[in-house]
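Spelled out from the first residue to the last, the chains are:
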Amino acid sequence: MFRSTIAAMAVMAVGASRVPAQDWAAKMFTDTSHNFGTVAKDAKTEFRFTFKNIYRDPVHITGVRTSCGCTSPTVLRDTVPSLETGEILAHFNTDRFTGQRGATLTVTVDRPQHAEVRLRVDGFIRSDVMVRPGSVNFGSITQGTVLEQTVSVDYTGASRDWKITGVRSNSPYFEAKLLNPSTNTPRGSYRVFIKLKEGAPPGYVQDAVTVTTNDPTTPQLPIGVEGRILPELSVSPQTLVLGTVPMGQKITKQIVVQAKRPFSIVGIKCDDPSFEFKLPTTSEPKNWHVIPITFDARDAGKLVRSIHIETDLGRSAETDLPVHVEVLALANK
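Residues numbered from 1 in each chain as written. Predicted model: local features only at pLDDT ≥ 70, side-chain atom pairs only at ≥ 80, totals over all residues. Heavy atoms only, no water.

**Remarks on the overall build of the protein**
A count of helical and extended segments in the protein gives two helices and 23 strands. Dimensions along the principal axes, computed over C-alpha positions, put the protein at roughly 90 × 50 × 25 Å. Counting all 333 residues of the protein, 43% fall into the buried class. Total accessible area computed for the protein in this model is approximately 17000 Å², and 48% of it derives from carbon and sulfur atoms. (Helix = DSSP H or I, 4+ residues; strand = E, 2+ residues; numbered from the N terminus. Buried < 20%, exposed > 50% of the residue type's maximum accessible area, 1.4 Å probe, protein only. Areas by Shrake-Rupley, 256 points an atom, 1.4 Å probe, with all protein chains shown as cover.)

What follows is the structure in structure tokens.
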């Protein structure tokens with residue numbers, strides 16, 4: 001479960017200053033290119049380039065520039081602490097451009113040292129198919145909420161035989177179906193029903209519903225679907241970093257566990273006996289609880305552990321807190 005995090009810790013130990021110029025910044029990105037494929041006019045078409053700071057020092061992004069007005073980039077988080085994530089949003093301007101388009105996005109970083117990362121987006125924008133609204137955005141909702149939206153797909157081209165033949169969801173968390181087409185226009189106007197299912201996990205969900213047509217040149221068109229699923233239970237900080245602790249000493253840090261409805265904490269577990277927990281003195285349900293966590297530095301080395309928190313709200317309101325600590329061995333006398 002923590003293999004990727006352990007690998008990141010190994011890179012952290014090296015430090016950004018020892019990684020070859022430019023390469024250290026590119027290593028943080030999960031993807032450096034994305035192809036939108038063929039999309040409809042006015043369709044909201046976006047991609048989030050995600051990166052994780054795998055180094056000790058905070059990473060600061062000064063800006064991002066684009067090589068083409070067809071794509072507008074945005075830095076969603078310019079300062080990213082160690083082990084946390086950030087995003088660069090690439091917005092394809094389907095309302096102002098048509099045809100084959102592409103852009104190189106250059107991300108500039110100035111801390112912990114200067115670097116530039118180049119990201120690439122490409123896609124083809126059809127001028128004769130329009131989606132209204134341009135995408136489905138369910139917004140920020142609590143886990144377990146079910147929501148529905150409907151979008152219209154209109155064809156304005158020359159062919160009288162153009163048809164939508166089906167629709168499918170590319171994600172197990174969305175349901176999609178084609179409603180009866182309208183007969184108000186000569187070519188027809190289609191409605192697509194999209195539903196966010198109850199089982200969607202916490203986090204940012206971005207995918208697409210695929211519309212299939214009888215057009216051999218463009219048999220498929222995507223409709224963007226997104227939403228931010230808020231967990232029933234959240235912990236601050238999201239990752240507990242204890243830093244370096246000399247062997248034989250103890251360190252105590254506090255975490256805050258919270259939810260939108262009152263709850264009680266019924267258990268805190270960790271496989272490592274070096275961690276001790278103090279449960280709330282009262283069992284009265286509250287929207288938030290402060291939990292002290294004490295670590296007893298017994299064995300030298302770097303440790304990555306997980307603390308499991310259980311509440312009386314059920315399995316949907318359980319969570320795991322990653323913990324990172326380095327125990328320093330005592331010098332020989």
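**Section: the sheet that holds strand β20 (residues 275–277)**
The sheet built from four strands is open, its strands ordered β16-β18-β21-β20 with antiparallel pairing. Strand pairing shows two members of the sheet lacking a second neighbour, β16 (233–236) and β20, which therefore form its edges. On average, adjacent strands in this sheet sit at an angle of 25 degrees to one another, irrespective of strand direction. (Pairing = 2+ DSSP bridges. Axes fitted to C-alpha atoms, helices over the stretch in contact; angles between N-to-C directions.)

**Describing the pairing of strand β15 (residues 220–230)**
Relative to β15, strand β9 (residues 136–142) runs parallel, the two sharing five bridges. Residue N137 lies in a different strand from β15, and its bridge partner there is E226. For strand β14 (residues 203–213) and β15, the ladder comprises ten bridges, and the chain directions are antiparallel. What sits directly across from D207, in β15, is V225. What sits between β14 and β15 in their antiparallel hairpin is a turn of six residues.

**So, the sheet that holds strand β17 (residues 240–246)**
The four strands are arranged β17-β23-β22-β19 in an open sheet whose pairing can be described as mixed. With one partner strand each, in any of the chains shown, β17 and β19 (265–269) form the two edges of the open sheet. Adjacent strand axes in the sheet meet at a mean angle of 20 degrees, parallel and antiparallel pairs treated alike. As judged from the nine bridges shared by strand β22 (residues 301–311) and strand β23 (residues 319–328), these two strands associate in the antiparallel manner.

**A closer look at the pattern of salt bridges**
Per the counting criterion, the structure on display carries 14 salt bridges. Residues E84 and R77 are paired through a salt bridge, measuring 2.5 Å at the closest nitrogen-oxygen approach. Look at R77 and you get partly exposed, because its relative accessible area is 31%. Where E116 meets R118, a salt bridge forms, and the shortest distance between an N and an O atom there is 3.5 Å. Through salt bridges with shared partners, a single ionic network connects K44, E46 and E226. (Salt bridge = Lys/Arg side-chain N within 4 Å of Asp/Glu carboxyl O.)

**Description of the environment of G144**
By the element assignment, G144 lies in the loop between β9 and β10 (147–155). Measuring from C-alpha to C-alpha, the distance between G144 and T74 comes to 30 Å, with 70 residues separating the pair along the chain.

**A word on the nonpolar core**
Soluble globular proteins: nonpolar side chains tend toward being buried together. Grouped together as the largest cluster of nonpolar side chains are 29 residues, with contacts concentrated most on W24, M28, F29, F49, F51, I88 and L119. Going through the elements one at a time, α2 (23–26), β1 (33–41), β2 (45–52), β3 (59–66), β6 (85–92), β7 (99–111) and β8 (115–132) are the ones with two or more residues in this core. (Core = buried A, V, L, I, M, F, W, Y, C linked by side-chain atoms within 4.5 Å.)

**A closer look at the environment of T98**
Mapped onto the fold, T98 is located in the loop between β6 and β7. Look at T98 and you get partly exposed, because its relative accessible area is 33%. Put simply, T98 and E198 are 100 residues apart on the chain and 37 Å apart in space, counted from C-alpha to C-alpha. If near-sequence neighbours (up to four positions away) are discounted, T98 is found in contact with I125 and S127. (Contact = heavy atoms within 4.5 Å.)

**Observations concerning unusual backbone geometry**
Note: most residues except glycine have negative phi, and most peptide bonds are trans. Cis rather than trans, the peptide bond between R111 and P112 has omega equal to 10 degrees. By secondary structure assignment, the location of P112 is in the loop between β7 and β8. In this structure, P133 follows R132 across a cis peptide bond, with omega equal to -10 degrees. Secondary-structure assignment places P133 in the loop between β8 and β9. One non-glycine residue with positive phi stands out, namely D42, at about 70 degrees. Within the secondary structure, D42 sits in the loop between β1 and β2.

**A closer look at the side chain of T294**
Mapped onto the elements of the fold, T294 is located in strand β21 (residues 286–296). A polar contact of 2.8 Å, which involves the side chain of T294, links it to the side chain of T252. (Polar contact = N/O pair within 3.5 Å; in protein donor to acceptor, adjacent residues only side chain to side chain.)

**Side note on the packing of aromatic side chains**
Enumeration according to the criterion identifies eight aromatic pairs in this entry. When the ring of F47 is compared with that of F49, the centres are 4.9 Å apart and the planes differ by 80 degrees; the resulting orientation is edge-to-face. Where Y155 meets W162, the ring centres are 4.7 Å apart and the plane angle is 5 degrees; that geometry is what we call stacked. Like Y155, the residue W162 is buried in the burial classification. Cluster of aromatic residues (ring-pair linked, three or more members): Y155, W162 and Y190. Across from the ring centre of F193, 5.2 Å away, lies the NZ or CZ of K177, which sits over that ring. For K286, the ring lying beneath its charged end belongs to W288, and the centroid distance is 4.8 Å. (Phe/Tyr/Trp six-rings, centres within 6.5 Å; stacked < 30°, edge-to-face > 60°. Lys NZ or Arg CZ within 6 Å of the ring centre and 35° of its normal.)

Everything listed here is a matter of coordinates, which is why it stays silent on function.
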